[in-house]
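# Chain and residue survey
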Amino acid sequence: MGGLGKTTLAQLVFDDDQVNDHFDIKAWVYVSQRFDVKVILRKMLRSIDCRIEADSELDDLQAKFREKIKGRRFLFVLDDVWEESNPNWETLGKYLTKGEPGSKVLVTTRSTKVAEVSGGALRSEACTSIVEPYHLKGLSEEESWNLLVRKALPREVLRDPQVQEIGKQILEKCDGVPLAVSAIASVLADSKDPKTEWPSFLQKGLSSILKGEEDPIMSVLLLSFNHLPSYMKNCFIYCKLFPKGYEFDIKMLVQFWVIHKYIETEDEGFDCFKTLWGRSFFQEVVMDDLGNMSTCRMHDLMHDLVDSMGGEKIMRSSDSICLENISLTTCHLAITGDRNDGSREDYYGDHEPGNPCKVRTLICLKNLSNKELKQICRNFLRLRVLVIIEGSNSECNASSLDASLILSSVHKLKHLRYLGLGGSGGEKIPNSVATLVNMQVLKLVDFWRLKELPRDIKTLVNLKHLELDSEYVVLNHVPKGIGELKFLQTLSTFVVGKTVGAGLDELKGLNALSGKLTIEGLAHANTPREGVYVLKEKLYLQSLVLDWGRDCDRDVDGVTLLSTRDEGMLEMLWPHSNLKSLMIRGGGVYQGAKLPNWLSGLTSLVEFSLIDCKRFEYLPQLHQMFSLIKLTIQNCPLLKGISHDGDGGVYQGAKLPNWLSGLANLVEFSWIDCKRCEYLPQLHQMSSLKKLTIKKCPLLKDISHDGGSGVYQSAKLPSWLSGLANLVEFSLIDCKRCEYMPQLHQMSSLKKLTIQNCPLLKGISHDGYHGDYNSMENSATKEEDDNWPRFHCLSSLCIKGCPMLTRLPTFPTLEGELQLDNVSLAPFARTIKMKMRRGGVDYLEGYSYDDTNIHPLLPPPSASSSSALIHPLSNLTKLALSDMDDDLESLSHHDFKNCLISIQDLTIEQCGRGVKLPGSLCSSIYLIDIALFRCKMVEYLPPLHELPSLKMLTIADCPNLKGCWWKKQQGNNDESSYHDYYNFDPSMEEEEVVKEGEEATEEDWPHFLRLSYLSIRCCPKLTRIPLFPTLEGGLLLEKTSGQALVRTMKMKAVVVAAVPHHHVDSQQHSATTATTTTTSPSSSLRTALVAPLSKLKEMIIAGIDDLESLPEEGICNLTSLQEFVIWECPRLASLPPAMRHLTSLPSLRVNDCEKLTERCKEEDWPNISHIPYILLNYKELQNLGTEVFLFSSAIYYAIQSLLTKLSFFPPSCMDRRATMIEAARCYALPLL
């Protein structure tokens, strides 16, 4: 049943703070009856801020989608789904496999079958479990009464039994449906005397409507509609133009109502909307950052109601806009292009040639041909509203729409009042547009080439809104005369031209401006006359951006003169005190040294940003900004500090500056790229601060203590720091002189800590310990240390480029990500060596120990025992270690003891001086992705083939790596090789290991269980590696041995079990050892016999010196191969006749293989002649016109694997970044 609150409940979950912290990306998609995978993917991409063209093909969409979700934990909500077809669900499900395990898809539906089908189809490595459907029931009698009371009854009548009895009789008609109860409550709320009016409503109003009705819920909604004033009814019925699930732009909707004279003013329109919202005709209202209503949706039942109204006067069609299909009575028309949204697809109008079309509104939510565009201005001459614009609701391809076809002839539509266009409209808007004197709204979206507005724009005397809704608009200037548009309320951008266009004086009379105003090119502007404040009377303006930088050349020799001029101009731009957001962006050309005097008078300011003001030395006192929530100071290289009361010096006294105490509501403070700043102020009054960022302040020495600016060394916690109890995120980046940090571990709410490129940073102060911390360092060598401080609830930690940082509190509670790059191993080692018990003295304070937080593989603690082990880092999911000078092998596997049992993504780059990689680093049964780079000394890896979830493995630039270690199994011994690996002595004679491998057959040789992608490059000694028959995505082997490939291709069919990612017997994971074992799939699970590499899509082999031939039987199995590249394999002499079996292979490339390229042209030609595209030595030998890959996705994967790891490098390591980028390019160039 609709209206029970499925969407509302999903929305509450979606917006929950804990859910936001748990997932990396979230997306909400309204699906309804049209289940189009392409549309769903596009909406998901747009929802996660990915710019995507509307005409993108499915292949492009799925590639971008997989790239976006790869390695990230996602939450996707599919709202109001009706699709019950299993194939469509499976198609969608295959695109969700790249996310992190723990990802979720939440589906709301009225159909039990949808719940059953979707659960099985969407389960994957990312979404590992299916939760039983949660069936919402109607409200109970008590719950319905409570809802009615909250919405309709004043408190004084609650005790009247007569009112209660009548109210409960009314509620019986609502069937416990919350939407119906809310609708009835909105009607009853208008009653002045419930005792006399409610009985009449029950007998005459409600009963008469419900009589004989099969759908009582719709009848209740209709009753609520009937009680609306007539003008509100018109406003509601107008919404019939938009399809189900449409996200309404509230401001645009109100503008439509005003244009059609349903209401007089926009203020009345917003009041009307609030009333309709309060009566449940709209829902899911979203507010913008400044507290304004932005978007909303309409419930499906309400949409069904509005669809039954309006007749043919208001039509929504999925067909074209031909006149023959439009009724003479139609006044408002929307073209959706969607035949599943209730639009008329078989509608044929009765329009007769010669009769004028009466359509007043035309809204196009589909692609229009050029022919259709030309028809609009020729046939729809009575239009008041014309919208052809891209949005999250529309499949209209704004980027390819040739809006110039409309703009060149739109002057014919003399009655036009609203014009909304998206797309490429050229560099100029024709001056003929200025003849539309009735125009009230001109909205242009994505006009990225637009440079000039109509020259005679001043003739648009009724214009209220000029919206240039795009960050790409680069206007040269705003035309002169714009100041004569006295009704103008929205002017998104005002650009001061170099030599032409309007000056700042023209803003003086535009006092109706509201919303956001950006003034650009202030470096070109003439200072307004003395005493002329062009913005001061604009009391409706909420957001203001003052931007000096617009590619101007200024006389650097006249800095003093320019400084006086710029400061004077800023004073003349005094805004009204109602302003909520202010950004001053100097663009590197603003020469003023101080901020205006009026700044402290902006008492309503919520956000303040000061960016690229390169001569500022001090900030003024901000003591009046009681409402300030977000403060950003960026790229002010001369800024030394924040001034104290009454002087301009840096505050260093013992008394807190009074103005700073007024920032008690500050939530986010960013201090970025202030190169002269040495000290920060005391922040103890900022009790609401949640996010603090300090970045690129190279002279910053420390964060000052009460009474001085030195490093805090007292045993007492500094008072100003104790006020940051609500801090959630702290970042310290590129502060090269900073040596000490305050006691961040005392911040009980801190969840995310980032420290980057602070080479002198030694540690975080600890009560009673300072200087060399000798006593603490000595105590750290013990297994247990009760004195060392701990982070209590930290979930994410990133430390890069801090080689001296050793005195860091332990971080056992991490759940998300840990990145350590160019930093001491000591903090990590100290953390994993912690020993904590559930109930003893080693209990970890501040950490939740309820059953949901205990790792599923650990035995549940006994209720009577207090000695159950709780291991540090047991919930960590992502670990990246890079450029660690300490030897990882020095960490015994006994130190780990299940500490890293939840790791899913592991990256190790240039770490370790030992020959073995610690097995406990990569023994988690949840490991999906392992990447190993530039570990020069490592010779052996643990038995990675025993990891049941491993899907991606990347190994690069490990010149001494010989392979994975494993012990040859004897008989039915299923003991894991990990235990033996820990005791493996690398100094044993190499011949024993090699001999064991050589004697094994392909059947005896171990293989990866679920590996899908494998990339190995520049590992010349790597011969001992498990086989990889299950590869699906891609295989890249470069400058390594080809033995493993040949062995894999010679394998017989292997049994592959459909084991879900989480399916591992918990009893096989010991809580006292770091071993990981798996058993064969249970008989209840599906298994399949699969030929090795039969699902592989791309294979690249390059620089393989020992590869002489490819096995005939193995080639026959490559039936799914889409890309085959052979590169620099000097000993490979031929391609076997089995290549003829690869009838679906579209592309073959052979480069720099002297013997093979010659044979391909002659003897081997019959084996490959069926392949549509063949490239030999970078020249096309054959191209049959079939579309082929210009860029191999396997190589793309390899490059992506390399480039994504660049994020782990500190900014100082640019040489490594450049090397890896060049390495990636060398893969790509031979294929283009």
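Bear in mind that the values here come from a model prediction, so they are computed numbers and not experimental data.

Within the fold, S1094 resides in the loop between strand 44 (1087-1090) and strand 45 (1098-1102). Take S1094: its relative accessible area is 15%, and that puts it in the buried class. With residues up to four places along the chain from it excluded, the contact list for S1094 reads N1117, T1119 and S1120.

This part is about helix 25 (residues 1043-1050). Here helix 25 has its buried residues at A1044, L1045, R1047, T1048 and M1049. Residues of helix 25 that are buried in the fold lie against strand 42 (1034-1040), strand 45 and helix 26 (1112-1116).

Take the packing of aromatic side chains next. Where two aromatic rings form a pair, the distance of their centres and the angle of their planes describe that pair. Applying the stated rule across the entire model yields 17 aromatic pairs. The interplanar angle of 50° and the centroid separation of 5.8 Å between the aromatic rings of F225 and F236 together place this pair among those described as tilted. You can see F225 sitting in helix 11 (residues 216-226) and its partner F236 sitting in helix 12 (residues 230-238), a full 11 residues away along the chain. The exposure classification of F225 matches that of F236, with both residues buried. A centroid spacing of 4.6 Å and a plane angle of 75° characterise the contact between W548 and Y590, whose relative ring orientation is edge-to-face. Taken together, the residues W548 in the loop between strand 17 (541-547) and helix 18 (559-572) and Y590 in the loop between strand 18 (581-585) and strand 19 (607-611) connect sequence positions 42 residues apart. A relative accessible area of 0% places W548 in the buried class. Aromatic ring contacts, followed pair by pair, group F242, Y246, F248, F273, W277 and F282 into a single cluster. If you follow K26 out to its NZ or CZ, it ends over the ring of F14, 4.0 Å from the centre.

As for its position among the elements, P596 is in the loop between strand 18 and strand 19. Once the C-alpha coordinates of P596 and M569 are considered, the two residues, 27 residues apart in sequence, prove to be 9.4 Å apart. If near-sequence neighbours (up to four positions away) are discounted, P596 is found in contact with L570 and E571.

All right, on to the packing of helix 3 (residues 37-47) against helix 5 (residues 86-93) then. It is at 10 Å that the axes of helix 3 and helix 5 come closest, and there the two elements cross at 35°. Viewed along their axes, helix 3 and helix 5 form a crossing whose handedness is right-handed. Of the residues in helix 5, those touching helix 3 at V37, I40 and L41 are N88, T91 and L92. Of the residues that constitute the contact of helix 3 with helix 5, the class distribution is four nonpolar, two polar and no charged.

With that settled, the discussion passes to the pattern of salt bridges. The final tally for this structure, using the stated rule, is 16 salt bridges. Between K443 and D249 there is a salt bridge whose closest N-O contact spans 3.7 Å. Of this pair, K443 sits in strand 12 (residues 441-445) while D249 sits in strand 4 (residues 248-249), and the two are 194 residues apart along the sequence. A salt bridge links E284 to R297, with the nearest nitrogen and oxygen atoms 3.7 Å apart. You can see E284 sitting in strand 5 (residues 283-287) and its partner R297 sitting in strand 6 (residues 293-297), a full 13 residues away along the chain. In this structure E284 comes out as partly exposed when scored by relative accessible area, which is 21%. Shared partners join several salt bridges into a network, and the residues in it are E247, E284 and R297.

Checked against the element boundaries, E1123 lands in strand 46 (residues 1123-1127). On the basis of relative accessibility, which here comes to 0%, the residue E1123 falls in the buried class. For E1123, the side chain forms a polar contact with the side chain of R1149, separated by 2.6 Å.

Parameters and conventions
Residues numbered from 1 in each chain as written. Predicted model: local features only at pLDDT ≥ 70, side-chain atom pairs only at ≥ 80, totals over all residues. Heavy atoms only, no water. Helix = DSSP H or I, 4+ residues; strand = E, 2+ residues; numbered from the N terminus. Buried < 20%, exposed > 50% of the residue type's maximum accessible area, 1.4 Å probe, protein only. Contact = heavy atoms within 4.5 Å. Phe/Tyr/Trp six-rings, centres within 6.5 Å; stacked < 30°, edge-to-face > 60°. Lys NZ or Arg CZ within 6 Å of the ring centre and 35° of its normal. Axes fitted to C-alpha atoms, helices over the stretch in contact; angles between N-to-C directions. Left-handed = near helix turned anticlockwise from the far one by under 90°. Nonpolar A, V, L, I, M, F, W, Y, C, P; charged D, E, K, R; others polar. Salt bridge = Lys/Arg side-chain N within 4 Å of Asp/Glu carboxyl O. Polar contact = N/O pair within 3.5 Å; in protein donor to acceptor, adjacent residues only side chain to side chain.

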